[in-house]
Amino acid sequence: MNLNSLRPAAGSTKTRKRIGRGPGSGLGGTSTRGHKGAKSRSGYSKKIGFEGGQMPLQRRVPKFGFKNINRVEYKAINLSVIQELSAAKKLSKVGINELIEAGFVSSNQLVKVLGNGSLTTKLEVEAHAFSKSAVAAIEAVGGNAVKL
């Protein structure tokens, strides 16, 4: 056996269909495209969602809602989390840096303090936003809510 005598297995290969090579080939004339219509023309490509002239699905289905481009996304931190953090590390001031070091928020997130949980120690809390109940709870124990 030599390299020049190697052949593919019988029936494993087919010759390519050569269309548009004259009437003698049996594939001349319309070149397997049929008669007339968009699909027979050169340069035809079906548009995404095209349904043959029928009203496409994305135009039949009603639209609703919108995305507010001015929305500000906050990471919510409850007072219970701040209380645990201050008790564990014996802090009198809890700011963004302390929350980042503890792993509650990342450096590019905005923080909003919510009033869930209770505060027992006097703390100075720094955040980008506060709920009304959080401010009331912080000031009730003699603390201070500083908005950044």
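Bear in mind the structure is a predicted one, so any value in this text is a computation, not a measurement.

A.B. asks: I'd love a proper account of the nonpolar core, names of residues and values included.
C.D. replies: Ile-82, Leu-99, Val-111, Val-113 and Val-125 are the most contacted members of the largest nonpolar core, which totals 17 residues. Elements with a contribution of two residues or more to this core: helix 2 (79-89), helix 3 (96-102), strand 3 (110-114), strand 4 (124-127) and helix 4 (132-140). The element that contributes the greatest number of residues to this core is helix 2, accounting for 3 residues.

A.B. asks: Help me get a handle on the pattern of salt bridges, residues and values and all.
C.D. replies: For the coordinates displayed, the defined rule picks out 3 salt bridges. Salt-bridge contacts for Glu-51 lead to Arg-60; the nearest nitrogen and oxygen are separated by 3.1 Å. We classify Glu-51 as partly exposed; its relative accessible area is 29%. Classification of Arg-60 by relative accessible area gives partly exposed; the value is 42%. Notably, a salt bridge pairs Glu-126 with Lys-93, separated by 3.4 Å at the nearest N-O pair. Placement of the pair is Glu-126 in strand 4 and Lys-93 in strand 2 (residues 93-94), with a sequence separation of 33 residues.

Rules of the game
Residues numbered from 1 in each chain as written. Predicted model: local features only at pLDDT ≥ 70, side-chain atom pairs only at ≥ 80, totals over all residues. Heavy atoms only, no water. Core = buried A, V, L, I, M, F, W, Y, C linked by side-chain atoms within 4.5 Å. Buried < 20%, exposed > 50% of the residue type's maximum accessible area, 1.4 Å probe, protein only. Helix = DSSP H or I, 4+ residues; strand = E, 2+ residues; numbered from the N terminus. Salt bridge = Lys/Arg side-chain N within 4 Å of Asp/Glu carboxyl O.

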